[in-house]
Amino acid sequence: MTRATHAPHPVSLAVLAALLAVAACEPPPDEAVDTEELSSVALGAYYVGQSVHFEVYSAHATRVEVWLYSTALGAGQKGKVTLTHSGDRWYANVPLSTIQGWGITGTIYYGYRAWGPNWTYSSSWSPGSSAGFVTDVDAQGNRFNPNKLLFDPYALELSHDPINMAHTDGTVFASGPSYRLLDSGPYAPKGIVMTEPGIYSGSKPTRAFKDEVIYEVHVRGLTKNDTSIASAYRGTYRGAGLKAAALASLGITAVEFLPVQETDNDANDYDPSTTTGDNYWGYMTLNYFAPDRRYAYNKAPGGPTAEFIQMVNAFHAQGIKVYIDVVYNHTGEGGVWGTDKRVMNVMSFRGLDNQNYYSLTADRQFPWDNTGVGGNFQTHNQPARGVVIDSLRYWSERLGVDGFRFDLASVLGDTCTHGCFNFDKMDSQNALNQITQQLPVRPAGGGSGIDLIAEPWAIGGNSYQVGGFPSGWAEWNGKFRDVLRADQNQMGVEAITPGQLASRFAGSSDLYQDDGRKPYHSVNFMVAHDGFTMKDLYSCNSKYNTQAWPYGPSDGGEDNNRSWDQGGAGADQRRAARNGMSALMLSAGVPMFTGGDEFLRTQYCNNNTYNLDSWANWLGYSWSSDQSTFRTFTQRLIAFRKAHPALRPSNFYSSSDTNGNVMEQLRWFTPAGVVPDSAYWASSSNHAIAWRIDGTEFGDSAAAIYVAYNGWSGSVNFALPWPGSGRNWYRVTDTCNWAEGTNQFANPGSEAYIGGEWTNYGLCGRGLLLLIAK
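Draft legend 1. Up close: the packing of helix H10 (residues 478-489) against helix H11 (residues 498-505). Where H10 contacts H11, the two axes come as close as 10 Å, and the packing angle between them is 135°. Viewed along their axes, H10 and H11 adopt a mutual orientation that is oblique. Between H10 and H11 lies a crossing of left-handed hand. Contacts from Lys479, Phe480, Val483, Leu484 and Asp487 in H10 reach Gln500, Leu501, Arg504 and Phe505 in H11. Here the residues of the contact of H10 with H11 are counted per class, giving five nonpolar, one polar and three charged.

Draft legend 2. Seen up close, the state of the cysteines. On inspection of all chains with the given rule, the structure shows three disulfides. Disulfide pairing places Cys416 opposite Cys420 at an S-S distance of 2.0 Å. Taking the torsion about the sulfur-sulfur bond, which here is approximately -115°, the covalent link between Cys416 and Cys420 counts as left-handed. Cys420 gets classed as partly exposed once you look at its relative accessible area, which sits at 28%. Residue Cys540 pairs covalently with Cys605 via a disulfide, S to S 2.1 Å. Between Cys540 and Cys605, the S-S dihedral sits near -85°, and the bridge is therefore left-handed.

Draft legend 3. Geometry of the packing of helix H8 (residues 382-398) against helix H9 (residues 431-438). Viewed as axis vectors pointing N to C, H8 and H9 meet at an angle of 40°, and their least axial separation amounts to 10 Å. With respect to their mutual orientation, H8 and H9 come out oblique. Read as a crossing pair, H8 and H9 show a hand that is right-handed. On H9, the residues that touch Arg385, Val388, Ile389, Leu392 and Arg393 of H8 are Ala431, Gln434, Ile435 and Gln438.

Draft legend 4. Quick peek at the layout of surface pockets. By volume, the largest pocket amounts to about 1,500 Å³. Around the largest pocket, the lining comprises 48 residues; the ones closest to its centre are Trp281, Val373, Asp530, Asn608 and Tyr610. With three residues, H10 is the largest single contributor of residues to the lining of the largest pocket. Of the residues assigned to the lining of the largest pocket, the class counts are 17 nonpolar, 19 polar and 12 charged.

Draft legend 5. Structural context of the nonpolar core. Phe257 and Phe406 are the most contacted members of the largest nonpolar core, which totals 181 residues. Non-local contacts of Phe257, meaning those with residues more than four positions away in its chain, are made with Val217, His218, Val219, Leu222, Ala240, Met311, Phe315, Val322, Tyr323, Ile324 and Asp325. Formed by 21 residues, the second largest nonpolar core is a distinct cluster that contains Ala458, Trp476, Tyr520 and Val590.

Draft legend 6. Structural detail: empty space enclosed by the protein. Going through the model one piece at a time under the given rule, you end up with four cavities of 30 Å³ or more. The calculated volume of the largest cavity comes to roughly 160 Å³. Along the walls of the largest cavity sit 18 residues, with His218, Leu258, His529, Arg601 and Gln603 positioned nearest its centre. Classifying every residue of the lining of the largest cavity gives seven nonpolar, nine polar and two charged. By volume, the second largest cavity is sized at about 60 Å³. For the second largest cavity, the full set of lining residues is Asp487, Gln488, Asn489, Tyr538, Gln566, Ala576, Asn579, Tyr709, Asn710, Gly711 and Arg766. Looking at the lining of the second largest cavity, the elements with two or more residues in it are H10, helix H14 (570-586) and strand S19 (704-710). Tallying contributions element by element places H10 first for the lining of the second largest cavity, with three residues. Considering only residue class, the lining of the second largest cavity consists of three nonpolar, six polar and two charged.

Draft legend 7. Structural context of unusual backbone geometry. Cis peptide bonds are those with omega within 30 degrees of zero, and the linkage from Trp549 to Pro550 qualifies with 10°. Across the junction of Gly552 and Pro553, the peptide omega takes the value -5°, indicating a cis bond. Looking at the element boundaries, Pro553 is found in the loop between helix H13 (534-537) and H14. Positive phi, close to 50°, is recorded for Arg562, a residue that is not glycine.

Draft legend 8. How the structure looks around the pattern of salt bridges. Using the criterion set out here, one finds 36 salt bridges in the structure. When the shortest N-O distance is used, the salt bridge between Glu55 and Arg89 registers 3.1 Å. In this pair, Glu55 is assigned in strand S2 (residues 51-57) and Arg89 in strand S6 (residues 89-95), connecting sequence segments 34 residues apart. With respect to burial, Glu55 and Arg89 carry one shared label: buried. Overlapping salt bridges bring together Arg207, Glu212, Lys321, Arg442 and Asp451 as one network.

Draft legend 9. A look at the side chain of His53. As for its position among the elements, His53 is in strand S2. Residue class for His53 comes out buried when judged on its relative accessible area of 1%. At a separation of 3.5 Å, a polar atom in the side chain of His53 contacts the side chain of Asn93.

Draft legend 10. Focus on the sheet that holds strand S17 (residues 666-669). Taken in spatial order, the six strands make up an open sheet running S17-S18-S19-S24-S21-S22, and their pairing is antiparallel. Of all strands in the sheet, those bounded by a partner on one side alone are S17 and strand S22 (752-755). Strand-to-strand twist of the sheet, defined as the mean angle between neighbouring strand axes without regard to direction, takes the value 25°. In the sheet, strand S18 (residues 688-694) pairs with S19 via seven bridges, with the strands oriented antiparallel. Bridge pairing in S19 links Asp694 to Ala704. H11 contacts S17, S18 and S19 of the sheet and is inclined by roughly 35° relative to S18. Most of the contacts of H14 go to strand S24 (residues 767-773), to which it runs at about 40°, and overall it touches S18, S19 and S24.

Draft legend 11. Molecular detail of H10. Across its 12 residues, H10 extends 16 Å between first and last C-alpha, which sits within 8% of the 16 Å expected from 1.5 Å per residue. By the criterion of burial, H10 is predominantly enclosed, with 10 of the 12 residues buried. For H10, the elements touching its buried residues are strand S14 (474-476), H11, strand S15 (522-525), H13, H14 and S19.

Draft legend 12. The arrangement of the sheet that holds strand S1 (residues 44-48) in detail. Strand order in the open sheet formed by four strands is S1-S2-S6-S5, and the pairing between neighbours is antiparallel. Among the strands making up the open sheet, the edge pair consists of S1 and strand S5 (84-86). The average undirected angle you get between the axes of adjacent strands in this sheet is 25°. Bridge count for S2 against S6 is seven bridges, and the pairing is antiparallel. The residue of S6 that forms the bridge with His53 is Asn93.

Parameters at a glance
Residues numbered from 1 in each chain as written. Predicted model: local features only at pLDDT ≥ 70, side-chain atom pairs only at ≥ 80, totals over all residues. Heavy atoms only, no water. Axes fitted to C-alpha atoms, helices over the stretch in contact; angles between N-to-C directions. Helix = DSSP H or I, 4+ residues; strand = E, 2+ residues; numbered from the N terminus. Parallel < 35°, antiparallel > 145°, perpendicular 65-115°, else oblique. Left-handed = near helix turned anticlockwise from the far one by under 90°. Contact = heavy atoms within 4.5 Å. Nonpolar A, V, L, I, M, F, W, Y, C, P; charged D, E, K, R; others polar. Disulfide = S-S within 2.5 Å. Buried < 20%, exposed > 50% of the residue type's maximum accessible area, 1.4 Å probe, protein only. 1 Å grid on protein atoms, 1.4 Å probe; cavity = no way out; pocket = protein on both sides within 12 Å on 5 of 7 lines; lining within 4 Å. Points joined across faces, edges and corners; volume = space filled by probe spheres on them. Core = buried A, V, L, I, M, F, W, Y, C linked by side-chain atoms within 4.5 Å. Salt bridge = Lys/Arg side-chain N within 4 Å of Asp/Glu carboxyl O. Polar contact = N/O pair within 3.5 Å; in protein donor to acceptor, adjacent residues only side chain to side chain. Pairing = 2+ DSSP bridges. Expected span 1.5 Å × (residues − 1).

The structure is reproduced here in structure tokens:
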């Protein structure tokens with residue numbers, strides 16, 4: 001019996017039987033195969049005994065060939081094989097002896113050429129020929145073009161990017177009158193047949209999601225400026241792994257990397273003095289299985305995969321989870337060039353089965369686009385949905401990833417195929433629900449599984465869905481961000497009530513409680529990669545994206561940032577940043593901040609640095625005394641959150657006393673020390689609120705925790721509530737300017753005595769107070 005020694009996924013007996021049948025050029029026996037499992041195993045290219053098995057999906061192709069290369073870039077093919085098909089699966093089993101006979105004795109590179117109704121097969125065709133051409137796009141939306149070598153959607157690594165230092169002409173990948181006959185074969189990215197697919201074998205953190213502190217950062221930007229790391233490792237997976245101990249000392253429990261799946265960014269260095277055409281963030285994914293080769297120190301075949309796993313192991317050794325940002329709403333093939341429907345990139349999905357991989361307009365001539373960058377990936381259809389689920393499984397099980405943040409995730413809740421968009425969280429077949437049904441979601445109390453985080457919006461239709469995602473999904477809580485920013489920075493411009501503030505501080509029950517979700521399904525954030533940094537939120541009145549390199553230029557970016565420079569006073573800007581960071585760490589939900597916010601990193605008021613791969617946009621580690629002081633404040637604030645389970649509730653707070661100590665689990669107060677009435681809650685003329693949490697109901701070391709927030713520009717006296725029998729209040733921090741310094745946030749045991757019930761505490765304008773009862 002032939003043994004599948006290098007299959008990229010665990011192989012069951014049923015699937016093994018199917019593979020052996022394929023190897024014999026026989027269709028797999030339907031009764032012996034679980035089709036969902038087969039879809040996660042058989043697609044791709046991998047060794048089966050002394051052969052290489054190639055398998056690709058296309059329901060509308062009429063002919064598919066696999067072309068094999070010994071050199072990735074700039075050379076012609078060594079051999080080719082016409083694939084056999086059974087239904088929508090095209091396959092071939094090519095003996096190694098045949099491949100070696102073609103002169104391929106090292107790494108095997110490969111790609112596909114496909115024909116269909118809009119470009120029929122002709123035996124007279126050769127690369128660069130028009131033989132068989134009918135139209136660039138037909139009435140059904142097919143865009144087959146055999147002159148375009150297609151990389152495998154299931155390739156585990158890609159050889160290089162379409163645009164790179166050696167090849168900068170992107171027209172070779174396009175269709176349309178001027179480009180359809182250009183042969184992309186010598187220049188196209190090729191799949192790599194992996195001789196030893198990477199396998200994660202470490203020990204994953206099992207911590208409950210509610211206990212995370214998430215650090216969003218770019219894997220290259222994290223270390224590219226860090227002189228403590230060997231220069232060869234800076235900006236790489238290996239370099240990132242070397243920062244694990246430092247992030248653990250800060251208190252980070254989960255690092256969330258911007259996209260690390262293969263994207264077109266190799267040309268960022270072509271002209272390092274401009275941002276033109278650059279792709280720094282990486283939200284144009286080419287392949288959902290391959291780690292981005294640009295971020296690897298070891299760029300040899302198999303190197304990026306092995307190095308990524310090494311990085312994951314380094315973070316896991318520090319108890320830090322690894323999340324990755326994934327972009328399944330659209331792909332790096334992009335959209336129509338200008339207005340001519342015939343001109344589009346044909347690189348992979350589009351050239352294999354455009355109408356099944358993408359959502360199209362009703363006439364099938366254009367992409368249906370809720371993303372703004374090229375058209376929706378059609379995840380309600382099994383082929384595209386299968387790519388999503390199979391790749392998530394691969395990154396989790398084989399590469400060790402602990403969770404995923406989904407860019408523009410509302411697109412994955414779309415129930416339309418063509419001609420419309422409709423988000424419906426109740427549809428069991430949409431990608432959101434299929435992901436939670438087919439992949440293990442981490443239990444609420446912790447354990448094995450993955451954490452799922454949605455960016456709950458897209459563009460247009462009913463795509464704005466903050467609070468609207470199905471069970472099992474946490475969400476970036478955009479309303480937390482908007483309400484807190486508006487109250488801090490837009491007094492007199494936007495009306496924010498104490499009731500709105502209270503809802504956000506307490507976990508946003510108005511968004512997540514009605515469908516059975518919990519406070520920790522709210523990922524609270526003040527800033528993210530796509531906008532200002534924490535410092536810039538309080539230092540910039542508006543975006544400044546037109547500045548010259550290395551600070552820009554960057555197009556786009558949000559105009560309504562709810563930002564304010566605090567009158568230009570540096571001390572007030574730092575106080576506002578302390579308030580923003582404190583709001584994150586003292587609210588129910590899961591806090592997330594961006595890399596460098598802990599030391600007041602700036603992007604110089606550029607709020608859309610997607611294209612800025614420069615030293616000015618990478619994290620810097622030469623800090624001023626003010627930056628070091630802020631980092632200490634952040635470090636101690638995180639430690640406080642981690643030490644106090646009352647701030648990390650499993651359920652929404654109750655307004656009742658649930659343990660008989662005559663103190664409500666959560667109680668709200670006006671500055672006068674009384675419970676707000678309905679008029680106070682609803683009035684946007686009130687800008688101060690305080691709350692007390694009974695720590696004893698959570699097994700907390702603090703008998704009670706009290707937070708007072710003053711949004712007014714002037715000082716306010718807060719009458720302190722009852723701290724519990726025989727106890728007094730002690731100050732952990734006051735964010736006001738007078739207290740700024742290394743010990744502004746007290747270490748445990750060094751909190752300053754304040755007093756008992758009805759003690760008056762004068763809190764400065766735009767300040768926050770944190771007390772504990774003991």
